[in-house]
Amino acid sequence: MAVADRHGLPVAIHIESATPHEVKLAVPTLVEMVIPEAPQNLVGDNAYDSDKLDSELSRYGIQLISPHRSNRKNKTQDLRRLRRYRRRWKIERLFAWLQNFRRLVVRYERYAENFLGMLHLGCCIILLRYL
């Protein structure tokens, strides 16, 4: 999981095994942010459409922007705010930048700490290229 700013630069990185759902990993990823202030909006795909996640993020002052799943009964998204969903390509670009590092594409590291270290190194290189 990753959080990016409005320029697509990494702000928070969190790794976990492949079994937990993305909704359960959103708050632990936000806790690991390197900047002190919380974002105003969190843009996610259909998997983030959850009332529980929406209430958790509202406690932090973050508004969730994600399209509704097809089986959703109660429509809670304002369509004007949902226009910001078009900016989701910036986080996808961050993951594309991280795919440039072979050690992150093919996970050679056996231990999660080593993989997290390589992930942090990749994020540092991305930030240095921006500066």
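Use the structure listed above.
A brief report on the enclosed structure follows.

### Considering the state of the cysteines
- For the coordinates displayed, the defined rule picks out zero disulfides.
- The cysteine Cys123 is free of any disulfide, with Cys124 supplying the nearest cysteine sulfur at 7.1 Å.

### Quick word on the nonpolar core
- Grouped together as the largest cluster of nonpolar side chains are 14 residues, with contacts concentrated most on Leu30, Leu53, Leu57 and Leu64.
- When contributions to this core are tallied by element, the ones reaching two or more residues are strand 2 (10–13), helix 1 (22–31) and helix 2 (51–59).
- Beyond its immediate chain neighbours, meaning those up to four positions away, Leu57 contacts Leu30, Leu42, Ile62 and Leu64.

### A few points about the packing of aromatic side chains
- Tallying each qualifying case throughout the model produces zero aromatic pairs.
- The side chain of Arg107 reaches across the aromatic face of Phe115, ending 4.7 Å from its centre.

### Some details on the environment of Val23
- Among the secondary structure elements, Val23 is positioned in helix 1.
- Separated by 25 residues in the primary sequence, Val23 and Tyr48 place their C-alpha atoms 5.6 Å from one another.
- Those residues in contact with Val23, other than ones at most four positions away along the chain, are Ala47, Tyr48, Ser50 and Leu53.

### Description of a nonpolar patch on the surface
- There is a patch of nonpolar side chains on the surface, built from Val105, Val106 and Tyr108 and spanning about 280 Å² of accessible area.
- Checked against the element boundaries, Val105 lands in helix 5 (residues 102–105).

Here is what the cut-offs are and how they apply
Residues numbered from 1 in each chain as written. Predicted model: local features only at pLDDT ≥ 70, side-chain atom pairs only at ≥ 80, totals over all residues. Heavy atoms only, no water. Disulfide = S-S within 2.5 Å. Core = buried A, V, L, I, M, F, W, Y, C linked by side-chain atoms within 4.5 Å. Buried < 20%, exposed > 50% of the residue type's maximum accessible area, 1.4 Å probe, protein only. Helix = DSSP H or I, 4+ residues; strand = E, 2+ residues; numbered from the N terminus. Contact = heavy atoms within 4.5 Å. Phe/Tyr/Trp six-rings, centres within 6.5 Å; stacked < 30°, edge-to-face > 60°. Lys NZ or Arg CZ within 6 Å of the ring centre and 35° of its normal. Patch = residues over 30% accessible without salt bridge, like charges linked within 9 Å, V, L, I, M, F, W, Y side chains within 5 Å. Areas by Shrake-Rupley, 256 points an atom, 1.4 Å probe, with all protein chains shown as cover. Salt bridge = Lys/Arg side-chain N within 4 Å of Asp/Glu carboxyl O.

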